[in-house]
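Geometric and topological summary
If you want the building blocks of each chain, they are given just below.
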Amino acid sequence: MIPEEFQIAEEIHQKTYLINGELRQWTGETSPVISTISSTKEYAHTVLGSIPNMGEPEAMEALDAALASYNKGQGVWPTMKVKDRIECMEAFVKKMEQKREIVVKLLMWEIGKSKPDSYKEFDRTVEYIYDTIEEYKQLDRSCAKFQKHDGVYAHIRRGPLGVVLCLGPYNYPLNETFALLIPAIIMGNTTIFKPAKNGVLLITPLLEAFQSSFPKGVVNVLFGRGRAVAAPIMKTGKVDVLALIGNSKSANALQEQHPKSNRLRLVLGLEAKNPAIVLPDADLDLTINECISGTLSFNGQRCTALKVIYVHEDLKEEFLKRFAEKVDKLKFGNPWDDGAQLTPLPEPDKPAYIQELLDDALAKGAKLMNKKGGKHFDNYIWPAVLYPVSKDMKVYQEEQFGPIIPVLSFKDIEEPLDDMAESNYGQQVSLFGKDVYTLSPLIDTLANLVCRVNLNSSCQRGPDVYPFTGRKDSAQATLSVHDALRSFSIRTFVAFKDNDLNNETVEQLLEAKVSNFLSTDYIL
């Protein structure tokens, strides 16, 4: 029984899209939005509604609007005072907060995220926006001054880069998407934003807030397939920044379509194969709890999820027994069910993919360690704990992004270290142990292989004030409240030699308060 407050009363056929400050109505072809959650007693996918199936003409209109809004750096938004841009962002987030319930409901239906995690994603995103505003104020305060070296004064600030194409992921369609979009906007860039294929309807309640909070052309929102919308935009060479959270295949394909890729700033959050390393002296109670949340929070559909576990030979039997038992005791249910730890997979073909990985591993010598592992439901496949896993198995080689957990054992710590060094990825690692003389050299090495070493803790992105990045194929640029503002901007400055003419001219400029760039005004 679906609680009344979480029922979808009627299908949402999204016809509205945002270009050049106008909420336009779509009259062309549409694509259905499907939920794998059933709304009937007999299982069937639920049609939530539909979205516009846009193509190159709409993509070009959005690009033209963003270019006109930036206007070769002369537009209202890129030249606006920092204080005024902040006021626009504050107006937006206040309007966004009013849409909490509908966005959370759509998060649950569209991607199967649990009720607590859906509320957390919304609230965390709002907090991220407020933190970004405060960080931008601090950044501007630090720039409200002049420096002097070798007889030359400089007034250094951060300026926008131009037009940003923003493509978000389905697993965090609000939080991770806005972790790109919000800093890009507030730094004075103009943007074209296409939501992910899953988690798309939940953006629509925010269109009016975007439209009414920012000058025309600053935010343009399109719907459709990436290759139909994003590819034509990239081919023009008029995009200055590609901001994408997804996979490296998509990122590479889009980069290659840009005719001047040397000019393209990249802000990318891509795949990861984050390992857990369990040392002989690890606290097993803590380790198992952390590995459960690390591997199976949101069904493992997180780039920060633990995707492979290395357990020392001395602990492997006890670890596997207790870990497998705990996996089988997890509660499966719909997102609004109290205590649901496992929820429906939003991609209809994901169970078949997980089964393919499972079959491949079993054929190559792995064993299923938990009794429920691989059991199929209408919209789910129970997490499979596999051991022993070898390097020729697909589940070792690929980022599984779902409920299947490969486990390897090791005698020599060099084994997992060598695997990490050879990996295409380098985002995070979880290290479980207590002996400081063992941990110290490992931390020193791991810090050079990944960008976050989690001690006796599962991998995660937050808190958002901390750097979020990766090595190799895992990321390009750094996303945190602090770093994202810098990723979407560039240092630029006014310089002048120390002489009477220049000093008098600059003093008059400051007194006139006509220039929005050359200013020592202090934002409180």
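The rules behind each value
- Residues numbered from 1 in each chain as written.
- Predicted model: local features only at pLDDT ≥ 70, side-chain atom pairs only at ≥ 80, totals over all residues.
- Heavy atoms only, no water.
- Salt bridge = Lys/Arg side-chain N within 4 Å of Asp/Glu carboxyl O.
- Helix = DSSP H or I, 4+ residues; strand = E, 2+ residues; numbered from the N terminus.
- Pairing = 2+ DSSP bridges.
- Contact = heavy atoms within 4.5 Å.
- Axes fitted to C-alpha atoms, helices over the stretch in contact; angles between N-to-C directions.
- Disulfide = S-S within 2.5 Å.
- Buried < 20%, exposed > 50% of the residue type's maximum accessible area, 1.4 Å probe, protein only.
- Patch = residues over 30% accessible without salt bridge, like charges linked within 9 Å, V, L, I, M, F, W, Y side chains within 5 Å.
- Areas by Shrake-Rupley, 256 points an atom, 1.4 Å probe, with all protein chains shown as cover.
- Lys, Arg positive; Asp, Glu negative; His and termini not counted.
- Charge placed at Lys NZ, Arg CZ, Asp CG, Glu CD.
- 1 Å grid on protein atoms, 1.4 Å probe; cavity = no way out; pocket = protein on both sides within 12 Å on 5 of 7 lines; lining within 4 Å.
- Points joined across faces, edges and corners; volume = space filled by probe spheres on them.
- Nonpolar A, V, L, I, M, F, W, Y, C, P; charged D, E, K, R; others polar.
- UniProt positions renumbered as here; feature names shortened; annotations may be inferred.
- Right-handed = clockwise from strand over helix to strand, strands pointing away.
- Core = buried A, V, L, I, M, F, W, Y, C linked by side-chain atoms within 4.5 Å.
- Phe/Tyr/Trp six-rings, centres within 6.5 Å; stacked < 30°, edge-to-face > 60°.
- Lys NZ or Arg CZ within 6 Å of the ring centre and 35° of its normal.
- Polar contact = N/O pair within 3.5 Å; in protein donor to acceptor, adjacent residues only side chain to side chain.

**Examining the pattern of salt bridges**
One pass over the full model with this rule turns up 22 salt bridges. Here Asp464 ties to Arg124 by a salt bridge, and the two come within 2.8 Å at their closest N and O atoms. You can see Asp464 sitting in the loop between strand 20 (452-455) and strand 21 (471-472) and its partner Arg124 sitting in helix 5 (residues 115-143), a full 340 residues away along the chain. A salt bridge links Arg461 to Asp464, with the shortest nitrogen-to-oxygen separation between them at 3.7 Å.

**Quick look at the sheet that holds strand 19 (residues 428-432)**
Across the sheet, seven strands lie side by side as 15-16-17-14-13-19-20; this open sheet has mixed pairing. The two strands at the open ends of the sheet, each matched to only one other strand, are strand 15 (367-368) and strand 20. Summarising the sheet, strand 13 (residues 274-278) and strand 19 pair through three bridges and their orientation is parallel. In the strand pairing of strand 19, Ile277 is matched with Leu431. Along the sheet, helix 12 (residues 350-363) makes contact with strand 15, strand 16 (384-387) and strand 17 (404-410), crossing strand 16 at roughly 25 degrees.

**As for the state of the cysteines**
Under the counting rule described, the total for this entry stands at zero disulfides. Cysteine Cys143 is unpaired, with the sulfur of Cys88 as its nearest cysteine sulfur at 20 Å. No disulfide involves Cys291; its nearest neighbouring cysteine sulfur is the one of Cys459, lying 9.3 Å away. Residue Cys291 is classed as buried on the basis of its relative accessible area, which comes to 0%.

**Description of helix 8 (residues 226-235)**
Because an α-helix completes one turn every 3.6 residues, residues spaced three or four positions apart along the sequence face the same direction. When helix 8 is considered as a whole, its buried residues turn out to be Val229, Ala230, Ala231, Pro232, Ile233 and Met234. Here the buried face of helix 8 lies against helix 1 (56-70), strand 8 (163-167), strand 9 (190-194), strand 11 (241-245) and helix 9 (248-257). Positive phi shows up at Gly237, right after helix 8, with a value of about 75 degrees.

**Thoughts on a negative patch on the surface**
On the surface, Asp412, Glu414, Glu415, Asp418 and Glu422 cluster together into a negatively charged patch. Structurally, Glu414 is set in helix 14 (residues 414-422).

**Thoughts on empty space enclosed by the protein**
With the rule as written, the count across this model stands at two cavities of 30 Å³ or more. Its boundaries defined by the atoms lining it, the largest cavity holds a volume of some 60 Å³. What lines the largest cavity is Val267, Leu268, Gly269, Leu270, Gln427, Phe468, Thr469, Ser474, Ala475, Gln476, Ala477 and Leu479. Only strand 12 (265-269) and strand 22 (475-476) provide two or more residues apiece to the lining of the largest cavity.

**So, the environment of Pro383**
Locating Pro383 in the fold gives a position in the loop between strand 15 and strand 16. Overall, Pro383 belongs to the buried group, its relative accessible area being 0%. Between the alpha carbons of Pro383 and Phe223 there is a distance of 33 Å; along the sequence they are 160 residues apart.

**A look at the layout of surface pockets**
Here the second largest pocket is characterised by a volume of approximately 490 Å³. Listed by contribution, the elements that provide at least two residues to the lining of the second largest pocket are helix 5 and helix 10 (284-296). It is helix 5 that provides the largest number of residues to the lining of the second largest pocket, a total of four residues. Its residues assigned to classes, the lining of the second largest pocket comprises five nonpolar, eight polar and nine charged.

**What about the UniProt feature "domain: Aldehyde dehydrogenase" (unreviewed entry) in the chain?**
The sites that carry the UniProt feature "domain: Aldehyde dehydrogenase" (unreviewed entry) are, in the present numbering, residues 35-489. This span, residues 35-489, is 41% helix and 18% strand, and a straight line between its end C-alpha atoms measures 38 Å.

**Overview of the pairing of strand 14 (residues 306-312)**
Side-chain positions along a regular strand alternate between the two faces of the sheet. Across the seven residues that make up strand 14, a large majority, seven, are buried. This β-α-β element, strand 13 to helix 10 to strand 14, shows right-handed connectivity. Here four bridges tie strand 14 to strand 17, and the two strands are oriented parallel to one another. From the neighbouring strand, Ile309 faces strand 17, where its bridge partner is Val407.

**Concerning the nonpolar core**
In this structure, Phe92, Phe178, Phe210 and Phe214 are the most contacted members of the largest nonpolar core, which totals 101 residues. For this core, the leading source of residues is helix 5, giving nine residues. Apart from residues lying up to four places away in sequence, Phe178 is in contact with Phe92, Met96, Thr125, Tyr128, Ile129, Pro183, Ile203, Leu206 and Phe210. Core analysis: the next-biggest nonpolar cluster, separate from the first, contains 55 residues, Val308, Ala361, Met420 and Leu449 among them.

**Regarding the packing of aromatic side chains**
For any pair of aromatic rings, the description rests on two quantities: the centre-to-centre distance and the angle between the ring planes. Going through the model one piece at a time under the given rule, you end up with 18 aromatic pairs. Here Tyr17 and Trp26 contribute two aromatic rings whose centre-to-centre distance is 6.1 Å and whose plane-to-plane angle is 80 degrees, an arrangement assigned as edge-to-face. No difference in accessibility class separates Tyr17 from Trp26, as the two residues are buried. Between the aromatic rings of Phe377 and Trp382, the centroid separation amounts to 6.1 Å while the plane-to-plane angle is 35 degrees, which identifies the pairing as tilted. Residue class for Phe377 comes out partly exposed when judged on its relative accessible area of 32%. Take Trp382: its relative accessible area is 3%, and that puts it in the buried class. Taken together, the aromatic side chains of Trp77, Phe92, Phe178, Phe210 and Phe214 make up a single cluster linked through ring pairs. The lysine or arginine in question, Lys372, covers the ring of Trp382, its NZ or CZ lying 4.5 Å from the ring centre.

**Description of the side chain of Asp360**
Its location among the elements puts Asp360 in helix 12. From its side chain, Asp360 meets the backbone nitrogen of Lys394 in a polar contact 2.9 Å long. The residues contacting Asp360, other than those within four sequence positions of it, are Asp392, Met393 and Lys394.

**Let's talk about the sheet that holds strand 23 (residues 489-497)**
Here we have three strands laid out as an open sheet, ordered 6-7-23, and antiparallel in their pairing. Either end of the sheet is taken by a strand with one partner, and the two such strands are strand 6 (147-149) and strand 23. Ignoring which end each strand starts from, the neighbouring axes of this sheet average 35 degrees apart. In this sheet, strand 7 (residues 152-160) lies alongside strand 6 in antiparallel orientation, the contact comprising three bridges. Opposite Gln147, over in strand 7, you have Ala154 as the bridge partner.

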